[in-house]
Amino acid sequence: MALNYGDRIPNNVDLGSNRTLQRALEHWQPEFLKWWQGMGPTDFQSADVYLRTATSVDAKGWATYGHVRMPEYRWGIFLAEPSAQRRIGFGDDFGKDVWQQVPGEYRSTLRRLIVTQGDTEPASVEQQRLLGHTAPSLYDLRNLFQVNVEEGRHLWAMVYLLHGYFGRDGREEAEALLARHSGSVDNPRILGTFNEPISDWLSFFMFTYFTDRDGKFQLKSLAESSFDPLARTCRFMLTEEAHHMFVGETGIGRVVKRSIEIMKELGSDDPDAVRSAGAIDLPTMQRYLNFWFSSSLDLFGADSSSNAAGYFANGIKGRPDEASYEDHLATGQTYELDVPDGKGGVALERLPMRNAMNEVTRQAYVRDCEVGLTRWNRLIAKAGFSVQLTLPSTKFRRSIGSWAGIATDPAGKPISQAEADAQRGAWLPTHADRAFVTSLMQPVTEPGKMAGWIAPPDRGVNNQPVPYEYVRIA
Ligand code: BYC
């Protein structure tokens, strides 16, 4: 069936007159819908969900709200408006014209980065596919589905680039994005975190706080790319990404708030007592936080990376907010890195700044993560309790980079593997923690009602009241 472009697929890439792109999408779009039905949210496909849809990139159109059935959500293709004056902002070709086409010599590198980015989007939808059955409220259920459809749109954004700029290889990669699956033994998703199950809402909020924030920093780095269509695509994705992190930050904040209420009622922060009262104790939250933060740190790649140096030198991937740096060449500068000394201690290694770009971005990410913790800790302190949530060291529980496989405590002090094994249950979620959190995951579907383990949000979506019927379950 012929597609009514523009109406069915809102876009600002002139899809209506681009036959090549139309042909590629005609083949891919039904495959995407099949994937959505098979691997997207289970059930709820006929529910009416109060969703935000981007119908254009201007202030009026990027956030249009209304009840929509998810399979009828209009996944569109949007790039931020072009800037005629845009020049390469970093690396060896600093100041030259940006590229409107992919330079032959960087074709496979750019394709690999776009595929890696694209792979995370459907992966996250797969990871979250069962959560609809245990949503703590209709408000949260709607936010989950909003995040899911937008991750679907971000997949479309990368597929547009593959179809539009990479010919046959790009079309094959676009198909492969629907064939790999989160957690699959034979054909898993590319990056580690995206193969971790997200089977409860505490994990969902941790994921949207910590892992979507990696998305923010990676998209910011790609938004600096000299390949202008990629830069503009990522810029527009960032507007949607902000909501995903909001879901994480307010989600964790509401769980903390509810736990503090219970702690105040009990006059105690005893974890068992908090659990008996039906809330999640702060030490359990800390263990979940340790897990998702450390896993997300790996997504920045190795701390010393010749790949990263190459991306920077060639103008392919920059630093987030590159304009805020004074020197965009980063030659002749060094970066000091803590590395294991091979004897159970820490040594200092000095490496060329360009090789440290993954670490520079990771450190900016860590500072951004601190913001939420400061806010949650303020709530806890105000209620008169001395417990604080903390970010573990970037050396803790790493699988990528110099600290991969090196046992440390959460403060980053190297320890023996035996000690790490003995402390595992104090630092990371145990089976018992997961079983307890899972036991709380009972669905609440009456408008305005919340599960007992989470406080209501301060406000509803798009000026609607909190008790609004955000999802009409068929
Ligand atoms: N797991 O030199 P290195 C998001 C691989 S999240 C497995 O350090 P590089 C979202 C690496 O691929 C943002 N493998 O690599 C969030 C390389 O493999 P090859 C996603 C890993 O290239 C929530 C090898 O190790 N976007 O949007 O400097 C919901 C050497 O490593 C991992 C991007 O990631 C890992 N954690 O940096 C929905 C942006 N880390 O090529 C969405 C695109 C590294 O030797 N990707 N490896 O076989 C990139 O920029 C880079 O690929 C990376 C790695 C930053 C990931």
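Structure: above.
Below you will find a few notes about this structure.

## As for the site of the ligand
Now for step 1: Taken together, 30 residues are adjacent to the ligand, and R112, Q117, A302, Y311 and K317 come closest.
Now for step 2: At 3.5 Å from an oxygen atom of the ligand is found a side-chain nitrogen or oxygen belonging to T120.
Now for step 3: In the model, an oxygen atom of the ligand is placed 2.6 Å from a nitrogen or oxygen of the K317 side chain.
Now for step 4: Relative to its unbound accessible area of 1000 Å², the ligand is 81% covered by the protein chains.

## Quick notes on the packing of helix α5 (residues 201-222) against helix α8 (residues 282-297)
Now for step 1: Contact pair α5 / α8: the axes reach a minimum separation of 9 Å and the direction vectors enclose 40 degrees. It follows from the interaxial angle that α5 and α8 lie oblique. The element α5 and its partner α8 pack so that their crossing is right-handed. Here L202, S203, M206, F207, F210 and T211 of α5 come into contact with α8, specifically with M285, Y288, L289, W292, F293 and S296.

## As for helix α10 (residues 357-382)
Now for step 1: Along its 26 residues, α10 runs 38 Å from first to last C-alpha, staying within 8% of the 38 Å computed at 1.5 Å per residue.
Now for step 2: Looking one or two residues past α10, G384 carries a phi angle of roughly 90 degrees, positive in sign.

## Topic: the packing of helix α6 (residues 228-266) against α10
Now for step 1: Viewed as axis vectors pointing N to C, α6 and α10 meet at an angle of 15 degrees, and their least axial separation amounts to 10 Å. On the basis of the axis angle, α6 is roughly parallel to α10. Regarding α6 and α10, the two cross each other, and that crossing is right-handed. Here E249, I252, G253, V256 and I260 of α6 come into contact with α10, specifically with G372, R375, W376, L379 and I380.

## Focus: the pairing of strand β1 (residues 48-53)
Now for step 1: Within β1, 5 of the 6 residues are buried, which leaves it mostly tucked inside the rest of the structure.
Now for step 2: Pairing between β1 and strand β2 (residues 64-69): 6 bridges, direction antiparallel. Following the sheet pairing, Y50 is matched in β2 by H67.
Now for step 3: Examined bridge by bridge, β1 and strand β5 (residues 471-472) share 2 bridges and lie antiparallel to one another. Bridging across to β5, V49 finds its partner in V471.

## Here we look at the sheet that holds β2
Now for step 1: Strand order in the open sheet formed by 3 strands is β2-β1-β5, and the pairing between neighbours is antiparallel. Strand pairing shows two members of the sheet lacking a second neighbour, β2 and β5, which therefore form its edges.
Now for step 2: The strands touched by helix α3 (residues 138-165) are β1, β2 and β5; relative to β1, the strand with the most contacts, the crossing angle is about 50 degrees.

Conventions we followed
Residues numbered from 1 in each chain as written. Predicted model: local features only at pLDDT ≥ 70, side-chain atom pairs only at ≥ 80, totals over all residues. Heavy atoms only, no water. Near = heavy atom within 4 Å. Polar contact = N/O pair within 3.5 Å; in protein donor to acceptor, adjacent residues only side chain to side chain. Areas by Shrake-Rupley, 256 points an atom, 1.4 Å probe, with all protein chains shown as cover. Axes fitted to C-alpha atoms, helices over the stretch in contact; angles between N-to-C directions. Helix = DSSP H or I, 4+ residues; strand = E, 2+ residues; numbered from the N terminus. Parallel < 35°, antiparallel > 145°, perpendicular 65-115°, else oblique. Left-handed = near helix turned anticlockwise from the far one by under 90°. Contact = heavy atoms within 4.5 Å. Expected span 1.5 Å × (residues − 1). Buried < 20%, exposed > 50% of the residue type's maximum accessible area, 1.4 Å probe, protein only. Pairing = 2+ DSSP bridges.

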